[in-house]
Amino acid sequence: MDWLRSRCPLPSCPRPSVLICLLILTAAFLTYPMLRTLSLELHSTITGRYVPGAYSIVFVNSPSEQIARDIARAILDKKLAASVNILPRTSSLYFWKGEIEETTEVLLLIKTKTSKVPMLFGYIRLMHPFEIPEVFSLPMGQGDVHYLKWLKESMEN
């Protein structure tokens, strides 16, 4: 640790222990979603019970059924989700650039692990034709044990 202190030319330079603590805190913050999911899966495995929040449903609106199918297939091919429901012809009213817009859209309900949601959001933003796609998720509170097991197995490589 003395080598680090000797390299710092300023007298007000923080101690190496402070820098190490900051690095550990930063690493913990950046890996929190993954660590949370791993701990939930470990708890589920040990106890045999589902922990609410380990899986999520992602909602995405699409301009057409064909685009919705393309997005769904790409997501499933990449194992970012286990299942996608496509609900045709939903009416949407929303503000866009200061005006009220009304359109017909197709809704995708995507079932996935909560740990995969950030990656899924990024992938959808790359594929989606909208400038700002409607993408949000809700955690699953409860679910059939057999269905949740199937969800997990479906997304394994």
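The shown structure was predicted, so the numbers you read here are calculated from the model rather than taken from an experiment.

With that out of the way, let us pick up the pattern of salt bridges. Close approach of charged atoms allows side chains with opposite charge to pair. For the structure on display, the rule yields three salt bridges. A salt bridge links Lys97 to Glu131, with the nearest nitrogen and oxygen atoms 4.0 Å apart. Highlighted residues: Lys97 in the loop between β2 (83–96) and β3 (99–113) and Glu131 in the loop between α4 (117–127) and β4 (135–139), separated in sequence by 34 residues. With a shortest N-O distance of 3.7 Å, Lys149 and Glu153 are connected by a salt bridge. With a gap of four residues between them, Lys149 and Glu153 both fall in helix α5 (residues 145–154), about one helical turn apart.

Right, let's get into the packing of helix α3 (residues 65–77) against α4. Their axes nearest at 11 Å, the elements α3 and α4 cross at an angle of 140°. Taken together, the axes of α3 and α4 lie oblique to each other. Crossing hand, α3 versus α4: right-handed. Residues Asp70, Ile71, Ala74 and Ile75 of α3 form the contact with α4, whose participating residues are Leu120, Tyr123, Ile124 and Met127.

With that settled, consider the sheet that holds β3. Pairing within the open sheet is antiparallel, and its four strands lie in the order β2-β3-β1-β4. Unpaired on one side and paired on the other, β2 and β4 mark the two borders of the sheet. Each strand of the sheet is rotated relative to its neighbour by a mean of 30°, with strand direction disregarded. Summarising the sheet, β2 and β3 pair through twelve bridges and their orientation is antiparallel. By the bridge assignment, Asn85 is partnered in β3 with Leu109.

The rules behind these values
Residues numbered from 1 in each chain as written. Predicted model: local features only at pLDDT ≥ 70, side-chain atom pairs only at ≥ 80, totals over all residues. Heavy atoms only, no water. Salt bridge = Lys/Arg side-chain N within 4 Å of Asp/Glu carboxyl O. Helix = DSSP H or I, 4+ residues; strand = E, 2+ residues; numbered from the N terminus. Axes fitted to C-alpha atoms, helices over the stretch in contact; angles between N-to-C directions. Parallel < 35°, antiparallel > 145°, perpendicular 65-115°, else oblique. Left-handed = near helix turned anticlockwise from the far one by under 90°. Contact = heavy atoms within 4.5 Å. Pairing = 2+ DSSP bridges.

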